[in-house]
Amino acid sequence: MNFESLGLAPELVRALSDVGYTIPTPIQAEAIPLALAGHDLMGGAQTGTGKTAAFALPVLHRLAQDGPKRGPRKPRALVLTPTRELAVQVNDSLRSYGKHLRMNTATVYGGVGMQPQIEALRRGVDILVACPGRLLDHLQHRSVDLSGIEVLVLDEADRMLDMGFLPAIKRVLSALPKARQTMLFSATFEESIKKLALELLKDPRQVQVTPQNATAASVTHVVHPVDSSRKRDLLIDILSKRHTDQILVFGRTKHGCNRLAEQIEKSGIPAVAIHGNKSQSQRLKALRDFKSGEARVLVATDVAARGLDIPLLPLVINFDLPMVAEDYVHRIGRTGRAGASGEAVSLVAPDEGGLLRAIQRLLKADIAMQEVEGYVPSTGIRMGNDNASRGRPSGQRPPRRDGAAPRGRRPHAGGGERHAHAGPKGHGPRGGGERRQRVGD
Ligand code: AMP
């Protein structure tokens, strides 16, 4: 299977070969032929699966069929994204895949001036990548005309709803022609997404890939129990030992992330933080510095990190466990990409047992505990009602609440540097019945 056999225009195939893609990822192999045939799509895929190209290539192909247009024109394709970073990345992908086609693309997002965006729109745009809030501003200012939209893509629709964009999305939808192709991509399909999909999509084809990274056997998960007050020292110890790696560290709050990045810097390891309080240019600079290797550590909140295109990270560290268990799956999706091995290390304080339990329930597997000498907390991790892991020696798993034998691979017992596999196997990030609560951005 190659991109040519999927029916893509030769200019696109050439651009893909320029960037070194030879084999379509599973979501691309499934979605591209359906999208080229004009179907609406409902795609279950998260970052790391190649979902961007899965919609970007058919959009470019479709627009290219009519040949290059001259003079100012209104957008024919619209991609909605939850964050500015994702908008920039989608736009970069469109430009890279469409480099042998004459296609104008533009991004509109908040946090920067309207005027340059107004001018770009006036010059003429074929594909517009937009965050819903700022797009609504442009509609109200009449600086954008969406009456020529032929293809609409909602990227990371679940996150857009989480971020409260539904009203803005609905207003944008009312400005679009009814006759169009629509593709909706989402990592999860809870009721609100299904309802939106029902309203938006006509006779949609479903394409679903299991989150490759979350289920990759090559990702090793490990928990280091540690008192909150010692987490920072332990983190810096781990970072110092892994002196050649680019490492992504997740924190729960903007403030905490900032402070942590400063403290890491003070210990002599170049680090940057990325979160919603930073200006757009600061966020992009932080990401650039991390990608170029100038900063070795990127400290991020969940929302800020969502959708970031950071290839092949060997190690993701959860300084705090996420408040929402599903975010654990998103976080570890940053490691072990494309078959490379990866590690997800969580620093867990005794009072974070409830969060750990929610994550293990979601993964349907336990995560191996590994005490680190010098950092063993005075009390065991309190796992909530069943107190399953209190006082357990490292590497032992709690009994399952239904009394059945534990599933998944047994973690290695004992300390040392050996990490145990407790990888989730083939389960989507659903279930568990956690209360949704978001802290951070
Ligand atoms: P995405 O899920 O769209 O964020 O893509 C994840 C990463 O995979 C990005 O770094 C892409 O550049 C890369 N990628 C996407 N499609 C392919 C492909 N067919 N072959 C190799 N890399 C790819």
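I will try to describe carefully the structure that is included in this document. (Residues numbered from 1 in each chain as written. Predicted model: local features only at pLDDT ≥ 70, side-chain atom pairs only at ≥ 80, totals over all residues. Heavy atoms only, no water.)

### With respect to the sheet that holds strand 3 (residues 105–108)
No. 1: The 7 strands are arranged 3-4-2-5-6-1-7 in an open sheet whose pairing can be described as parallel. A strand with exactly one partner marks an edge of an open sheet, and here the two such strands are strand 3 and strand 7 (205–208). The mean angle between the axes of side-by-side strands here comes to 15 degrees, regardless of whether they run parallel or antiparallel.
No. 2: The pairing of strand 1 (residues 41–44) with strand 7 spans 4 bridges and is classified as parallel. (Pairing = 2+ DSSP bridges. Helix = DSSP H or I, 4+ residues; strand = E, 2+ residues; numbered from the N terminus. Axes fitted to C-alpha atoms, helices over the stretch in contact; angles between N-to-C directions.)

### A word on the sheet that holds strand 11 (residues 297–300)
No. 1: Reading across the sheet, the 7 strands line up as 10-11-9-12-13-8-14 and stay open at both edges, with parallel pairing between neighbours. Every other strand in the sheet has two partners, leaving strand 10 (271–274) and strand 14 (368–369) as the edge strands with one partner each.
No. 2: Where strand 12 (residues 315–318) meets strand 13 (residues 342–348), 4 bridges bridge the pair, whose relative direction is parallel. Among the inter-strand pairings, Val316 is bridged to a residue of strand 13, identified as Ala344.
No. 3: Helix 12 (residues 254–266) rests against strand 9 (247–250), strand 10 and strand 11 of the sheet, and its axis sits at about 175 degrees to strand 10. (Contact = heavy atoms within 4.5 Å.)

### What to know about the environment of Gln360
No. 1: Tracing the sequence through the fold places Gln360 in helix 16 (residues 353–363).
No. 2: Under the relative-accessibility criterion, Gln360 is labelled buried at 7%.
No. 3: For the pair Gln360 and Ala325, spaced 35 residues apart in the sequence, the C-alpha separation amounts to 8.5 Å.
No. 4: Among the polar contacts made by the side chain of Gln360, one reaches the main-chain amide nitrogen of Ile367 at a distance of 2.8 Å. (Buried < 20%, exposed > 50% of the residue type's maximum accessible area, 1.4 Å probe, protein only. Polar contact = N/O pair within 3.5 Å; in protein donor to acceptor, adjacent residues only side chain to side chain.)

### What about the packing of helix 15 (residues 325–332) against helix 16?
No. 1: Interaxial distance between helix 15 and helix 16 falls to 8 Å at its minimum, and their mutual angle equals 70 degrees. Between helix 15 and helix 16, the angle falls in the class roughly perpendicular. For the crossing formed where helix 15 meets helix 16, the hand is right-handed. Judged by residue contacts, Ala325, Glu326, Tyr328 and Val329 of helix 15 engage Ala358, Ile359, Leu362 and Leu363 from helix 16.
No. 2: Here the residues of the contact of helix 15 with helix 16 are counted per class, giving 7 nonpolar, no polar and 1 charged. (Parallel < 35°, antiparallel > 145°, perpendicular 65-115°, else oblique. Left-handed = near helix turned anticlockwise from the far one by under 90°. Nonpolar A, V, L, I, M, F, W, Y, C, P; charged D, E, K, R; others polar.)

### Thoughts on the side chain of Gln28
No. 1: In this structure, Gln28 sits in helix 2 (residues 26–36).
No. 2: Ignoring sequence-local partners within four residues, the contact set of Gln28 consists of Phe3, Leu6, Pro33, Gly50, Ala53 and Ala54.

### Observations regarding the site of the ligand
No. 1: The immediate surroundings of the ligand are formed by 13 residues, with Tyr21, Gln28, Gly48, Gly50 and Thr52 found nearest.
No. 2: Residue Gln28 places a side-chain N or O atom 2.8 Å away from a nitrogen atom belonging to the ligand.
No. 3: Here Thr52 contributes a side-chain N or O atom positioned 2.5 Å from an oxygen atom of the ligand.
No. 4: When the ligand sits alone it has 500 Å² of accessible area, and the protein chains cover 77% of it.
No. 5: Split into classes, the residues belonging to the shell around the ligand amount to 4 nonpolar, 7 polar and 2 charged. (Near = heavy atom within 4 Å. Areas by Shrake-Rupley, 256 points an atom, 1.4 Å probe, with all protein chains shown as cover.)

### Structural notes on the pairing of strand 4 (residues 127–130)
No. 1: Of the two faces of strand 4, the one carrying Ile127 and Val129 and the one carrying Leu128 and Ala130 are both buried.
No. 2: Across 4 bridges, the pairing between strand 2 (residues 77–80) and strand 4 is parallel. Residue pairing in the sheet places Ala77 in a bridge with Ile127 of strand 4.
No. 3: Note: strand 3 against strand 4, 4 bridges, orientation parallel. Opposite Thr105, over in strand 4, you have Ile127 as the bridge partner.
No. 4: At this point the chain moves from strand 3, through helix 5 (residues 115–123), to the parallel strand 4, and the crossover so formed is right-handed. (Right-handed = clockwise from strand over helix to strand, strands pointing away.)

### Examining the packing of aromatic side chains
No. 1: If you walk through the whole model with that rule in mind, you get 2 aromatic pairs.
No. 2: Summarising the aromatic geometry, the rings of Phe55 and Phe185 are spaced 5.5 Å apart at their centres and angled 50 degrees between planes, so their arrangement reads as tilted. Residue Phe55 is located in helix 3 (residues 51–64), and its partner Phe185 is located in strand 6 (residues 181–186); the two are separated by 130 residues in the primary sequence. Summarising the burial analysis for this pair, Phe55 and Phe185 share the class buried.
No. 3: The aromatic ring of Phe319 is capped on one face by Lys231, whose charged end is 5.6 Å from the ring centroid. (Phe/Tyr/Trp six-rings, centres within 6.5 Å; stacked < 30°, edge-to-face > 60°. Lys NZ or Arg CZ within 6 Å of the ring centre and 35° of its normal.)

### Examining the environment of Phe250
No. 1: Following the sequence through the fold, Phe250 ends up in strand 9.
No. 2: Separated by 55 residues in sequence, Phe250 and Ala305 have C-alpha atoms that sit 8.6 Å apart.
No. 3: When near neighbours in sequence (up to four residues on either side) are disregarded, Phe250 contacts Ala300, Thr301, Asp302, Ala305, Val316, Ile317, Asn318, Phe319, Asp320, Arg331 and Arg334.

### Some remarks on helix 5
No. 1: All of the buried residues along helix 5 are Gln117, Ile118, Ala120 and Leu121. Down the axis, helix 5 shows its buried residues gathered within 160 degrees of arc, on one side only. Those residues of helix 5 that are exposed and aimed more than 90 degrees away from the buried face are Pro116, Arg122 and Arg123.
No. 2: At its buried positions, helix 5 is contacted by strand 3, strand 4 and helix 6 (132–140). (Arc of directions from axis to C-beta.)

### Some details on the pattern of salt bridges
Side chains that differ in sign of charge can pair as their charged atoms come close.
No. 1: By the definition in use, this model includes 20 salt bridges.
No. 2: Here Lys51 makes a salt bridge to Glu156, at a shortest N to O gap of 3.4 Å. Of this pair, Lys51 sits in helix 3 while Glu156 sits in the loop between strand 5 (151–154) and helix 7 (157–162), and the two are 105 residues apart along the sequence.
No. 3: Judged by relative accessible area, Lys51 falls into the buried class, the value being 3%.
No. 4: The class for Glu156 is buried, based on a relative accessible area of 2%.
No. 5: The partner of Asp327 in a salt bridge is Arg159, with the nearest N and O atoms 2.9 Å apart. Of this pair, Asp327 sits in helix 15 while Arg159 sits in helix 7; the two residues are 168 residues apart in sequence, bridging distant segments of the chain. Like Arg159, Asp327 is buried.
No. 6: Overlapping salt bridges, with partners in common, bring together Lys231, Arg252, Asp320 and Glu352 in one network. (Salt bridge = Lys/Arg side-chain N within 4 Å of Asp/Glu carboxyl O.)

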